[in-house]
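Structural characterization, general
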Amino acid sequence: MSPRVTFPNKVLPYLLLAPQLAITLVFFYWPASQALYQSMLREDPFGLSTKFVWFQNFAKVLRDPNYLNSLNVTLIFAVATAVISMGVALVLAVMADRVVRGRGVYRTLLIWPYAVAPAIAGMLWLFMFNPTMGSFAYILRATGYNWDPLLNGNQAMVLLVSAAAWKQISYNFLFFVAGLQAIPKSLIEAAAIDGAGPTKRFWTIVFPLLAPTTFFLLVINTVYAFFDTFGIVHAVTGGGPGKATETLVYKVYSDGFVNLILGDSAAQSVILMVIVIALTAVQFRYVERRVHYG
Amino acid sequence: MRVPTLLSLATALTALPLMSGSAFAVTEISWWHAMTGANNEVVETLSKEFNESQSEYKVTPVFKGTYPETLNAGIAAFRAKQPPHIIQVFDVGTGVMMAAEGAVKPVAEILSMGGATFDKSQYLPGIVAYYSKPDGTMLSFPYNSSSPILYYNKDIFTKAGLDAENPPKTWPEVFEAARKIKTSGAAACGYTSTWLTWIGLENFSAWNNLQYATHENGLASTDVELKINAEPFVKHFQTIADLAKEGVFRYGGRTSEAKQLFLSQECGIFTESSGGLGDVIKSGINYGLGQLPYYPDLQGAPQNTIPGGASLWVFGGKSDEEYKGVAAFFNFLSQTEIQSRLHQVSGYLPVTMAAFKATEESGFYEKNPGRKIPITQMMGKEPTENSRGVRLVNLPQVRDIQNEEFEKMLAGEQTAQQALDNAVKRGNEAIQQAIGN
C-alpha cells in the first residue's frame, strides 16, 4: 500500500475539508479573535465608550491578588480532584479486575455517574451537604461537628473536590480497566511463581505498566478540573465563602457576566486559552510517542 | 467571548419575525423579562389583555432567564444593534442602565409621547424616586417592587415565652428575643436573614437614615465613596458576628437561601423581602409579620425603606411609532384595576397611589394586615438624601465584595470593623475602576 493516498481531483479534498474548516472558523477562530481583541479594550458594558489599551488588561489581571488567589485555588482544586478521582478509580479498577462473578454489573454501576452533568452532580452534593437543607449536613451537625461550608472555606473546598472527583471516577475507572486488561497475564503469573505477593506484584509490575494510562488520565483530569467544573462551582459554592473556591474559569464568568468588566474577563479567558493549548500540546506529543512505541 | 457572540446571533434570529411583522399594520413591541412560575403567567396574561384591548400594537413577552442573564442578553443585543423595546432590569442593575445614557430612553419622555400627559404625582413617591435621575426625570417604569420586612414564627415565640402577638420592633429587641429563643431551646437558632447586603446595608442605612455613600448614595454622581464603615454599621454587624459565634444567628447564604432556615422552623425570626411571603404562606407555618427593625437611638429612624425588585427600561434608537406603542402599554399597566390586581395576586407593591387606595377601600388590608407593612414602610415619610436609594454603576460587584467580607467576619476570621473597612476600601477601588479612573 502506498504511504500517501492522493486524490486525482485537486479541488475535492478542499471541498471535503470545507465543512469542518467552516465550523472551526465560526466557532473557534472568530470568537477567539474577538476575545483577543476584547482583551485589549477597556469599555463600558454597553460599548458606548471604548479605549484601546494594548496589554494593560493583562498586566492588571496578573497583578491582581484576587487573580493569583484564584490561580492558587484552581491548582489546589485540580491536584486534589485528579489525585482523589484517579486514586479511587485505580483501587476500584484493580478490585473489579479480580472479581469473577458479576463483573459486568459492577462495571456498569461504576460507570454510571459519568453520565451525570456537572451542574447536576453539583446539585446532588449540595442537596446532601448544604447546611440549610442537606440531610447529611443535618446528621453531621447532630454529631456535634461544626459543618458549615457556607462560611468555612476549607469545608467548601472539600465539598467541591468530592463532587468533582466523584463524577470523574467512572471515566478514570473505564480507562484503568482497559489498561489492566492490556497487561499480559503471563508477567503477573511469572511474578507469582517467583513468590511475589499481590501488593508487590501491583507496585513492581502493574503500576509501572499502567504508566501510559495514568499519564494520559492525569492530563485529561487536569483539563477537566480546570475547565469542565464551572457547573459544579456555580451550583455548589458560587465561588464563596469569601473567594475560597473561586477558580479561574469561575472568575472569568463573575468578572465578565456579573461585574460586567469585559476587558479583564476577556484577558483572563485568553490566558486560559493559552493554558489549554499548552496542555493539549503535551497530550498530543505524548499520544504520538505512544503510537510509535506501542 | 463566545457567549455574547452566540447571544447576538440568537438576537438577530429573534429579531427576524419582528421585522417581517412591521409589514402589517400592527406594531410589534418586544418585552424581555426574567419572571418564572406564577409571575411569568402574570406577564403572559397582561400582554394578552393589552393585545386584545386594542389593535394597533402587539406586545410579545420573551423569557430571558434570571435577572442577570436578562440584563446580559439585553446588553449583548444592544451591542449587536438589535435591542428589544422593553427590558426588565433588577434593582441592582439600575445603576448599570443609568450609566448607559446613550442606550436608554427615559420613561417619562415616552409616557408623554403616548398623548397622555405624564403626571408623576400619580405614582408612589418612594418607588419613583428610586428610578429617577437627581433632577426628578423618571427613567424606568417600576414593574415589581418589594421591600424587606420581619417574619417571625408564632409557635416558637410562644414556646420561648415571648409575646406572639407583638413582634420585636427594634434591633436590640430582636437580638434579645433571638437569644431567648436559643437559650430556652424553642428553636435551634434565633435569627437569620436573606440578602445581608440589600437588607443589612442598603435598607439598613435608609431605614435608619444613615449615609451609605457620598453624593446622595450615588444618586447625584457616579464618583462616590462608600460610608458603610461608620459606627452604627460596625456596632450592628459586630453584634451579629457575636450572635453567630453563640449560634443565635445562622448564616444562610448571599441571596435568599436563608428562607429555608425559617421555613424548616430552625430559626424563629427572619428578615426577608415582602416578595418572599408566598413561600411562607405555602409552607403552612404559623407566621407573623412585622416592620423591618431599626435602632431607636439613631436620629430620624425609622425613615423609609428602598424598593427592591425590578423595573422596565426602554432602549433608545426605535421609531416614534414603536415608542407610542410602549407608552400605550405602560399606560395600560398603570390603570388602577390592573395595578391593584397585580398587587393583590403577586404580593408586589402597587405602583400608583390610586391602586393603593382602591386596595385599601376593598378591605384587602383588613383581611391581610401584614400586606400593608411594606407599603407604609416605603411611604411613611418623605425620603431624605440617605433614603432615596443606592445607586452605583457596579452595585452587583460591590455587593459581592461585601458578601465576601461578611463571610470572613461570620467565620470568625475578622471583626466587623475590619470587614467593613475592607469592604469600603475594596468597594471604592472597584467603583473607581468601573467609572474609568
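Let's talk about the overall build of chain A
On a plain count of helices and strands, chain A comes out with 13 helices and two strands. Along the three orthogonal principal directions, the C-alpha set of chain A runs to about 75 × 75 × 30 Å. Split into buried and exposed, the 294 residues of chain A put 43% on the buried side. Partitioning the intrachain contacts of chain A with sequence separation of at least 6 by distance along the chain shows that 65% fall at a separation of at least 24. The distance from the centre of the 20 positive side-chain charges to the centre of the 12 negative ones in chain A is 9 Å.

As for helix α9 (residues 198–207) of chain B
Residues and elements named next belong to chain B. Taken across its ten residues, α9 has ten buried, putting it largely inside the fold. Along α9, the positions that sit buried rather than exposed are Trp198, Ile199, Gly200, Leu201, Glu202, Asn203, Phe204, Ser205, Ala206 and Trp207. Asparagine 209 sits one or two residues past α9 and shows a positive phi near 55°.

Focus on helix α12 (residues 248–258) of chain A
Residue and element names in this part refer to chain A. For α12, the buried fraction is high: nine of the eleven residues fall into the buried class. When α12 is considered as a whole, its buried residues turn out to be Leu248, Val249, Tyr250, Lys251, Val252, Ser254, Asp255, Gly256 and Phe257. Leucine 260, located one to two residues past α12, shows a positive phi value of around 60°.

Some words on the sheet that holds strand β7 (residues 189–193) of chain B
Residue and element names in this part refer to chain B. In space, the five strands of this open sheet follow the order β8-β7-β9-β6-β10, with mixed pairing throughout. In this open sheet, the two edge strands, each paired with only one partner strand, are β8 (249–250) and β10 (287–290). Examined bridge by bridge, β7 and β8 share two bridges and lie parallel to one another. Along β8, the bridge assignment pairs threonine 192 with arginine 250.

So, the environment of B:Val26
All names here are of chain B. Here valine 26 shows up in the loop between α1 (2–21) and β1 (27–33). Residue valine 26 is classed as partly exposed on the basis of its relative accessible area of 29%. Each C-alpha atom, one on valine 26 and one on glycine 325, is 9.9 Å from the other, the two residues being 299 residues apart in sequence.

Thoughts on the environment of B:Asp91
Residue and element names in this part refer to chain B. Inspection of the secondary structure puts aspartate 91 in the loop between β3 (86–90) and α4 (94–99). Residue class for aspartate 91 comes out buried when judged on its relative accessible area of 10%. Along the sequence, aspartate 91 and isoleucine 306 sit 215 residues apart, while their C-alpha atoms lie 9.8 Å from each other. Excluding residues that lie within four positions of it along the chain, aspartate 91 makes contacts with Tyr130, Trp198, Pro307, Gly308, Gly309, Ala310 and Arg399.

As for the interface of chain B and chain A
The partner chain A presents 33 residues to the 34 residues of chain B that form the contact. Of the roughly 2,900 Å² buried between chain B and chain A, counting both surfaces, carbon and sulfur atoms make up 63%. A salt bridge links B:Glu404 to A:Lys243; the shortest N-O distance between them is 3.1 Å. Taken together, the connections running from chain B to chain A amount to six residue pairs in polar contact (both at pLDDT 80 or more). Within the residue set of the side of chain B that touches chain A, elements represented by two or more residues are α1, α3 (67–79), α4, α12 (259–263), α19 (395–410) and α20 (416–434) of chain B. The element best represented in the side of chain B that touches chain A is α19(B), accounting for six residues. For the side of chain B that touches chain A, the residue count by class is 16 nonpolar, eight polar and ten charged.

Considerations on the pattern of salt bridges
Per the counting criterion, the structure on display carries 22 salt bridges over all chains. The salt bridge partner of A:Lys251 is A:Asp255, with a shortest N-O separation of 3.2 Å. With A:Lys251 and A:Asp255 both in helix α12 and four residues apart, this pair spans about one turn of that helix. Notably, a salt bridge pairs B:Asp279 with B:Lys259, separated by 2.8 Å at the nearest N-O pair. Placement of the pair is B:Asp279 in helix α13 (residues 277–283) and B:Lys259 in helix α12, with a sequence separation of 20 residues. When salt bridges that share partners are traced, they join A:Lys243, A:Glu246, B:Glu404, B:Glu405 and B:Arg426 into one network.

Some points on the pairing of β3(B)
Residue and element names in this part refer to chain B. Counting buried residues in β3 gives five out of five residues, a clear majority hidden from the surface. Burial along β3 is two-sided: the face carrying Ile86, Gln88 and Phe90 and the face carrying Ile87 and Val89 are both buried. As paired elements, β1 and β3 share two bridges and run parallel to each other. By the bridge assignment, tryptophan 31 is partnered in β3 with isoleucine 86. Sheet topology note: the β3/strand β11 (residues 308–315) ladder contains five bridges and is antiparallel. Bridging across to β11, valine 89 finds its partner in serine 311.

Conventions used here
- Residues numbered from 1 in each chain as written.
- Chains lettered and ligands numbered in written order.
- Predicted model: local features only at pLDDT ≥ 70, side-chain atom pairs only at ≥ 80, totals over all residues.
- Heavy atoms only, no water.
- Helix = DSSP H or I, 4+ residues; strand = E, 2+ residues; numbered from the N terminus.
- Buried < 20%, exposed > 50% of the residue type's maximum accessible area, 1.4 Å probe, protein only.
- Contact = heavy atoms within 4.5 Å.
- Lys, Arg positive; Asp, Glu negative; His and termini not counted.
- Charge placed at Lys NZ, Arg CZ, Asp CG, Glu CD.
- Pairing = 2+ DSSP bridges.
- Buried area = accessible area lost by both parts, 1.4 Å probe.
- Salt bridge = Lys/Arg side-chain N within 4 Å of Asp/Glu carboxyl O.
- Polar contact = N/O pair within 3.5 Å; in protein donor to acceptor, adjacent residues only side chain to side chain.
- Nonpolar A, V, L, I, M, F, W, Y, C, P; charged D, E, K, R; others polar.

Read these as geometric descriptors, not functional statements.
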